[in-house]
Amino acid sequence: MQPEVVFLLRAEDAEAFAAAAAALPDLRVEGRVIHLGPRTVTAIGLAGFAGIGDLCRLEGPRPLLAEVVALEGTRVRLAPHGEPIGFGSGAPVIWRGERGRLRPHRGWLGRVVDPFGRPRDGGPPLTPGPRARDPRAGPPPAHRRRPLGPRLRTGVRVLDLFVPVRRGQRLGIFAGAGVGKSSLLSMIARGCEAEVVVVALVGERGRELGEFVRETLGPEGLARSVVVAATSDEPAPVRARAAHAATAVAETFRDEGRDVLLLFDSVTRFAHAGRELALAAGELPVARGYPPGVFAELPRLLERAGPGEGEGTITAFYTVLVDGGDFDEPVADAVRGILDGHVVLDRRIAERGRYPAVDVLRSLSRTAPGCYAPEERALVAEARRLLARLDEMAELVELGAYRPGSDPELDRALALRPALERLMVQDVGEAPSRVDPFAELARILRDEGGAGA
């Protein structure tokens with residue numbers, strides 16, 4: 001039996017030892033498997049070398065990567081990037097100090113890549129960039145980040161009017177299944193003014209990956225985009241890594257001084273992957289099955305978007321699948337508190353046939369005051385007031401209990417409703433309009449006769 005070697009270091013020497021060990025060019029530490037489970041592998045012989053997030057290689061019927069998720073004394077717990085079928089107790093586990101760093105390059109534009117920076121579109125090998133990036137790097141120092149930039153046109157009228165976005169802002173798109181989150185992302189991808197688009201497809205259905213690339217982005221959209229994808233059938237460590245890898249790609253272009261649009265679908269699936277990893281690491285669930293590690297990981301990921309220290313920005317949209325239509329469920333509630341605004345899609349609006357099904361009254365941009373010119377602010381406030389009046393009195397109107405003439409403001413709102421609804425309707429494949437949406441809103445609110453037609 002291979003003897004187990006244990007290194008005992010003073011706390012003040014541990015960091016220096018780890019740095020020196022990582023600097024060795026051909027360092028190779030071999031441990032062995034002592035326990036195999038359906039989701040985790042436990043190994044010995046790597047204590048003092050392996051750290052959380054490091055990648056190891058299991059040697060057996062086929063090489064299998066595994067990520068370190070927990071350290072338990074002299075034992076290391078790993079989450080394999082695949083099914084450990086055919087491996088047995090005593091199988092070698094190799095550690096080389098790898099964290100799977102990425103080298104994003106502008107030549108990645110137009111490509112679909114996996115979370116390790118390898119092509120998954122059948123194309124040629126990817127050009128490595130000059131700088132290696134840790135996918136799990138932290139956000140820029142808060143005191144050195146630049147302020148948000150000017151307003152960014154998304155090309156989606158209802159967002160540009162009622163949920164305005166500034167360059168470097170982060171917003172969530174909250175909705176139940178099948179209400180149009182991915183469709184709204186596709187509209188933003190085609191109509192936004194950003195220089196570079198990075199798309200993170202985390203836990204996406206396999207059949208939808210090709211559809212998104214071919215139909216949603218199309219050749220023109222793909223030419224300025226990098227798609228980082230991990231499908232739903234891939235292991236939790238790979239799905240979680242896709243989120244970090246896409247953010248690292250976006251950070252590369254931001255650090256080059258570019259305005260980047262990060263489209264992330266979805267935070268909920270990232271949280272599901274994090275839940276699997278946290279449970280595998282031995283954490284206990286505390287909120288609807290989610291361990292506390294999930295809620296610690298969310299801000300570490302989401303805070304990486306936004307302005308950097310230079311001229312570049314990352315404007316990010318994160319979709320959140322609201323389980324069971326409960327907008328206060330733990331992941332949705334946590335994400336809403338981290339981001340700079342939220343777009344709520346309502347199933348009832350979608351059932352009426354108005355797409356995108358944005359609930360204007362429940363959606364919020366925390367940067368709205370800095371986005372509007374004075375005259376635009378007045379127009380939006382007036383439109384919101386009319387929409388709120390319609391919402392308050394909707395039940396009476398639908399029941400036929402309201403008598404026209406009883407409330408002049410409600411009468412005006414009812415007259416203008418058809419035109420306001422038409423303004424907010426936008427087909428998924430519709431090209432961004434060159435007409436200023438604020439000018440159209442002004443025409444509706446001022447031209448009473450034409451609006452009610």
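Below is a summary of the structure that appears in this document. Just so we're clear, the structure is a prediction, and the values are computed from it rather than from any experiment. (Residues numbered from 1 in each chain as written. Predicted model: local features only at pLDDT ≥ 70, side-chain atom pairs only at ≥ 80, totals over all residues. Heavy atoms only, no water.)

One closed barrel holds the six strands; their spatial order is S1-S2-S5-S4-S3-S6, and the pairing between them is antiparallel. Neighbour-to-neighbour, the strand axes of this sheet turn through a mean angle of 45°, independent of strand direction. (Pairing = 2+ DSSP bridges. Helix = DSSP H or I, 4+ residues; strand = E, 2+ residues; numbered from the N terminus. Axes fitted to C-alpha atoms, helices over the stretch in contact; angles between N-to-C directions.)

A separate point is the pattern of salt bridges. If you walk through the whole model with that rule in mind, you get 43 salt bridges. Notably, a salt bridge pairs Arg 207 with Glu 211, separated by 3.4 Å at the nearest N-O pair. In this pair, Arg 207 and Glu 211 are both assigned in helix H4 (residues 206-223), four residues apart and thus about one turn of the helix distant. On the basis of relative accessibility, which here comes to 31%, the residue Glu 211 falls in the partly exposed class. In this structure, Arg 304 engages Glu 251 in a salt bridge whose closest nitrogen and oxygen atoms are separated by 2.9 Å. Here Arg 304, found in the loop between helix H7 (292-302) and strand S14 (306-307), pairs with Glu 251, found in helix H5 (residues 236-255); they are 53 residues apart in sequence, far enough to count as distant. For the pair shown, Arg 304 and Glu 251 are each scored as buried. (Salt bridge = Lys/Arg side-chain N within 4 Å of Asp/Glu carboxyl O. Buried < 20%, exposed > 50% of the residue type's maximum accessible area, 1.4 Å probe, protein only.)

On to empty space enclosed by the protein. Summed over the entire model, instances satisfying the criterion amount to three cavities of 30 Å³ or more. Around the largest cavity, the lining residues are Gly 53, Leu 55, Glu 67, Arg 99, Asp 134, Pro 135, Arg 136 and Arg 241. Per-class residue counts for the lining of the largest cavity are two nonpolar, one polar and five charged. In this structure, the second largest cavity occupies an estimated 40 Å³ of space. Every residue along the wall of the second largest cavity is listed here: Gly 155, Met 187, Arg 190, Gly 191, Gln 426, Glu 430, Ala 431 and Pro 432. (1 Å grid on protein atoms, 1.4 Å probe; cavity = no way out; pocket = protein on both sides within 12 Å on 5 of 7 lines; lining within 4 Å. Points joined across faces, edges and corners; volume = space filled by probe spheres on them. Nonpolar A, V, L, I, M, F, W, Y, C, P; charged D, E, K, R; others polar.)

All told, the structure shown has four aromatic pairs when counted by the stated rule. Pairing Phe 49 with Trp 95 gives two aromatic rings, centres 5.6 Å apart and planes at 50°, and the pair type is tilted. Placement of the pair is Phe 49 in the loop between strand S2 (41-44) and strand S3 (55-58) and Trp 95 in strand S6 (residues 92-98), with a sequence separation of 46 residues. Comparing Phe 49 with Trp 95 shows no difference in burial state: the two are buried. On the basis of an interplanar angle of 45° and a centroid distance of 5.3 Å, the ring pair of Phe 264 and Tyr 318 is categorised as tilted. (Phe/Tyr/Trp six-rings, centres within 6.5 Å; stacked < 30°, edge-to-face > 60°.)

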